[in-house]
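Chains, contacts and geometry: an overview
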Amino acid sequence: MTTTVREPRTRTQVGVSRPRRDAAEKLRGQAQFVGDMLVPRMLYGKVLRSTIAHGRIVSIDTTAAEKIPGVVCVLTGADLSDIDPYYGHAIKDRPIVAIDKVRFHGEQVAAVAAETPAAAAAAVDAIVVEYEELPVVADAVAGVAPGAPLVTEREMVPGLFHGLGELPERDGNVCYRYALDKGELEAVFAHADIVVEGEYTFPSVYQYAMETHTVIAQVEGDEISLWATCQHPFLVRAEIADLFGVPVANVRIQVPYLGGGFGSKSYTKMEPLTVALARKAGRPVKIQNRVGESMVTTRRHNMRATMRTAATKEGRLLGREVECLFDTGAYADNGPRVVATAGDAAPGPYRWSAYRVDAACVYTNRAPSGSYRAFGATHLQWIGESQIDEIARRAGIDPVEVRRQNLLTPGEEVRSGGKPLDADLVGDVEKVAQAVGWDEPKRPLVGRGVSVGLLAAGAHPVSSAVCRLEADGRVVVLVGTTEMGQGPRTAFAQIAAEELRIDADRVTVRGTDTRFTPYDRSTGASRSTTVAGLAVQRAANDIRRQLEGIAGTDDVDPDDYLALMRKHFGFAGGELIGRGEVTPVGTGSYAEGPVFWEVCVGAAEVEVDPQTGFVHVRRTATAADVGRAINPLLVERQDEGATLQGLGNALFEEMVYDEGLLLNDTLLDYRIPTFEDLPDAMTCVIVENEDGPGPFGAKGCGEGALAAVPAAIVNALADAGVPMNELPLTPERVWQRIQELKEEGKWQN
Amino acid sequence: MEVALSVNGREVVRDVAPQELLLDFLRDSLGLTGSKRSCEVQVCGACTVLVDGLPVSSCCYLVAQAQGREVTTIEGLAERPEFERLEDAFTRHAALQCGFCTPGMLLTVSALLESGELGSEEQIKQSLSGNLCRCTGYRGIVEAVADLAGVE
């Protein structure tokens, strides 16, 4: 018997910046989005939305609307008496359309299905609604005030997928609370040399996926078909089945390309209303939101927080206390998860003797808040990190040095019972600091800042994938990840190709059709490359094993695949089917969670104009600590996109509310970053320590930069002389702060 | 009312409502869905098409205004020989993600390349600021356009 020793195979398909597989389709305008689709006999739906923030519906008169030519039907709450019309994956608190009451400006009150969009719009205008206004809970602070009006009187019914253990009883308008408690906090503060404390405000932010929420629904008997802009089709499928009382397998959701998501299309959004309207119309219906409608479909939580941090005079961190109120709007949406993630992120990745976190999710009369890229971490990292910088300042230590001394190192506990730290944070922060010229001299009004945080990533790790090796040698991957721009179809082709030792051009990855595509929990939480990618790798490996079985050796040349298939099937047809699965049980690190800690590490250099308060971002740097970059260029592009969103969140994005009324519901007065907001230099440092749980040691990315950049900008601005505790850093607010500093004699420039 | 215009080099004569938007006409009557609807207030540029070679926001432009003019959409641009260069540069630099802004972006870029207004990175940023992209962070697009315009 001889033993053959083979050289380790060199990877040719992963770790390479292959061109995007969807580039040609998208560049040529051929890529199909839901809004581009037509279904035979399709009607156009239009939604009547509440003009007030809180009130009782006295009457809805649809008579005139129904008489408009082309109108097929008008749906109101009265049409839903045969089902339990409340949904919500976390808390079942939301009716498909308003029933008896409206709870936010923009809530769905009725919907029209008509032959043309114009007829539908005219009919919506012809519906007459009489409201009796109720006192408005304007924000989370008002929501927890003694005697605050209740936004909802309904009992708390847990949704199908809250994933947060036993949900607590509702406490007034507080629908969820998350707390952490470690060590003897009071003792630590009593003996601290340095205590930094403050009150902070984070605004409502709109994700602005350029494609608005769009759904086509068709109901035929107990079969429901949807074409929908959804990130998590399998979770939506379950909620639709639950709402309308049909088997899960009878709900078919097809997801083509999405025009951006960023969390705004996670969980169930416009799908229930579109199904209800199609059910009543007896024909397929398309509802396509306008931008103002998508803004009130979901948004990022505004937040108020108080934080204090204790340290020794040498800058050793001791303890931290955080209290925050998250404004989840009229319905919980993903608020409880956002609050739990924020709570986990609140202490920051340091070696604390003690900390206490109390985070509350509060109902108000604003539009519901849910997921937006790097939620929770973005809310709190800028606050915690600005206090670390203040401690460094008072201790007379460089901000990078104070982090070097206090940051957790790989293997240390992050949260009790959770996965230990799996990243080199000190290395990451040193790299980004260097990239913005940390040690270079700088002129007055220029400041530099760094920031470090962690985000519990991966969500619940359940994914499956199927690979089909066809008789022409091509491979089709079936996997439920939604392609919304982040590039999974390209990355998965590379992963499957690497595993099968073929060229990625021979692998095709298409969109989800829940009728044929195997189950994947969701697309979000930076999980797709890591979790779904691992399922793809296992499915491809399954095919490889089958081929080795047919050959009777593990030394199979890819050029022999077709001959082996022919041998197996006895003709030029047939296909080998590989199956891959990832579950939280029995897969090592997945059991203890999170799947991985996504690092949120960034640096910025800014310059402030004291005459106008304008903040110019000169340089940014972020660390994409990805374990192993499957496609390095796509990793960089992810970080750059997150950087610009972070810049927008930090500098000017804010949904302005006045007593529950949204004042800026168009892109004319809600401004997002343009080309001209690009920093002069933007660096993405890719860190590859092959320490991720995904394929080839990979772990996800794309969110961390969004949490890191606002914090780095805030710290850089403080370094330039303007400490701020309210976002966004609009010129007006910054100028005002400079005037205050001048009055207090604290303006150094 | 009847309008006659050229769309991607083909003559089109149709009856339209006076208030009909060029974007709806292209998408719904002609099936040219490469032009996208997003902001509807001439801020985002996703609906950009060329009218007589100049970029316009088709969400705020009446089809009646295009009477007798030449309209080019992404479908038409993609048929032109010079499109290959654009496609190559955007692909190499990964200057796209979700692809929703991409057709409008390319039409603006093609018009600016034609007029030679992209002499520096500053000019590129300024000239393209009427086209929003929420995914890429713009860096890749600037690199691709600089490459096309021969800007170092």
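Reading the values: rules and limits
Residues numbered from 1 in each chain as written. Chains lettered and ligands numbered in written order. Predicted model: local features only at pLDDT ≥ 70, side-chain atom pairs only at ≥ 80, totals over all residues. Helix = DSSP H or I, 4+ residues; strand = E, 2+ residues; numbered from the N terminus. Rg over C-alpha atoms; globule rule 2.2 N^0.38 Å. Buried ≥ 20, exposed ≤ 12 C-beta atoms within 10 Å, placed from the backbone. Expected span 1.5 Å × (residues − 1). Bend = angle between axes of the 7 residues up to and from the residue. Domains from an automatic or database assignment. Contact = placed C-beta atoms within 7 Å. Nonpolar A, V, L, I, M, F, W, Y, C, P; charged D, E, K, R; others polar. Pairing = 2+ DSSP bridges. Axes fitted to C-alpha atoms, helices over the stretch in contact; angles between N-to-C directions.

Attention now goes to the overall build of chain B. Regarding its fold elements, chain B presents six helices and five strands. Secondary structure elements of chain B occur, N-terminal to C-terminal, as β-β-α-β-β-β-α-α-α-α-α. Scaling as 2.2 N^0.38, a compact globule of 152 residues should have a C-alpha radius of gyration of about 15 Å, and chain B matches this with 15 Å. Taken along the three principal axes of its C-alpha coordinates, chain B extends 50 × 30 × 20 Å. For chain B, buried positions account for 54% of its 152 residues.

Before going further, it helps to spend a moment on helix α14 (residues 528-551) of chain A. Residues and elements named next belong to chain A. The end-to-end C-alpha distance of α14 is 33 Å, a good match for the 34 Å that 24 residues give at a rise of 1.5 Å each. Residue Leu-534 marks the point of greatest curvature in α14, where the axis turns by about 25°. Counting buried residues along α14, 17 of its 24 residues qualify, which places the element largely inside the surrounding structure.

Residue and element names in this part refer to chain B. Assigned domains of chain B: these are domain 1 (2-73) and domain 2 (83-149). Across the boundary between the two partners, domain 1 contributes 14 residues, which contact twelve residues of domain 2. For the side of domain 1 that touches domain 2, the elements supplying multiple residues, two or more each, are β3 (48-51) and β4 (54-57). Take the side of domain 1 that touches domain 2: its biggest share by element is three residues, from β3. Taken together, the residues of the side of domain 1 that touches domain 2 break down into eight nonpolar, five polar and one charged.

Counting residues at the interface gives 39 residues for chain B and 42 residues for chain A. Among the secondary structure elements, those contributing two or more residues to the side of chain B that touches chain A are α2 (74-77), α3 (83-92), α4 (102-115), α5 (121-127) and α6 (139-149) of chain B. Counted by class, the side of chain B that touches chain A contains 20 nonpolar, twelve polar and seven charged residues.

All names here are of chain A. Pairing within the open sheet is mixed, and its five strands lie in the order β9-β17-β16-β15-β10. Each edge of the open sheet is held by one strand with a lone partner, namely β9 (174-182) and β10 (194-202). Averaged over all pairs of adjacent strands, the angle between strand axes in this sheet comes to 5°, irrespective of strand direction. Bridge count between strand β15 (residues 302-311) and strand β16 (residues 317-329): ten bridges; the pairing is antiparallel. For Asn-302, the partnering residue across the bridge sits in β16 and is Asp-327. Where helix α10 (residues 377-395) meets the sheet, its contacts fall on β10 and β15, and the angle it forms with β15 comes to roughly 30°.

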